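Listed below, chain by chain, are the residues.
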Amino acid sequence: MPDTGTPARKRYRFREYHVTAVVDPMTLPTFEAICVTGEDHDCGATSGEVHTEGELTRWIAEHCAQTGHDFYHRTTRATLHAEPGAWQ
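Residues numbered from 1 in each chain as written. Predicted model: local features only at pLDDT ≥ 70, side-chain atom pairs only at ≥ 80, totals over all residues. Heavy atoms only, no water.

Engineer: Looking at this structure, how should I read the pattern of salt bridges?
Structural biologist: A side chain of one charge can pair with a side chain of the opposite charge when the charged atoms of the two come close. Applying the stated criterion across every chain yields a total of 1 salt bridge. The shortest N-O distance in the salt bridge between R74 and E53 comes to 3.0 Å. Of this pair, R74 sits in strand β3 (residues 72-77) while E53 sits in helix α1 (residues 53-67), and the two are 21 residues apart along the sequence. Here E53 falls in the partly exposed class, since its relative accessible area comes to 45%. (Salt bridge = Lys/Arg side-chain N within 4 Å of Asp/Glu carboxyl O. Helix = DSSP H or I, 4+ residues; strand = E, 2+ residues; numbered from the N terminus. Buried < 20%, exposed > 50% of the residue type's maximum accessible area, 1.4 Å probe, protein only.)

Engineer: Looking at this structure, how should I read the nonpolar core?
Structural biologist: General note: in soluble globular proteins, nonpolar side chains tend to be found buried as a group. Membership of the largest hydrophobic core is limited to 7 residues, which are F31, A33, C35, V50, L56, W59 and Y72. Elements supplying a minimum of two residues to this core: β2 (30-35) and α1. Ranked by the residues each element gives to this core, the list is headed by β2, at 3 residues. Residues contacting V50, with those up to four places away along its chain left out, are P29, T30, F31, E55 and L56. (Core = buried A, V, L, I, M, F, W, Y, C linked by side-chain atoms within 4.5 Å. Contact = heavy atoms within 4.5 Å.)

Engineer: For this particular structure, what's the right way to read the packing of aromatic side chains?
Structural biologist: This model, assessed by the stated rule, comprises 1 aromatic pair. Ring centres of W59 and Y72 lie 6.0 Å apart, and the angle between their planes is 80 degrees; this geometry places the pair in the edge-to-face category. Placement of W59 in helix α1 and of Y72 in strand β3 is noted, with a sequence separation of 13 residues between them. Here W59 matches Y72 in class, with each residue buried. (Phe/Tyr/Trp six-rings, centres within 6.5 Å; stacked < 30°, edge-to-face > 60°.)

Okay, here's the thing in structure tokens:
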């Protein structure tokens, strides 16, 4: 084949591959809240990582009682296990 100066194009065909993400029952989820109350900037106080929603709610209630702040971002983390399925 003569060199035309352009790179050869390769054609790829991909099949679908299904993966299911399942929460690992051997690990505890973690929850964290950050206070985002504020006019010019967020308060920024954080609960740190806790392992139950009750602990998180308790921290929010205490922070709210002390400061009057009432807006929070909540993050929930869990360890997931990927269970590969079959090629389609």
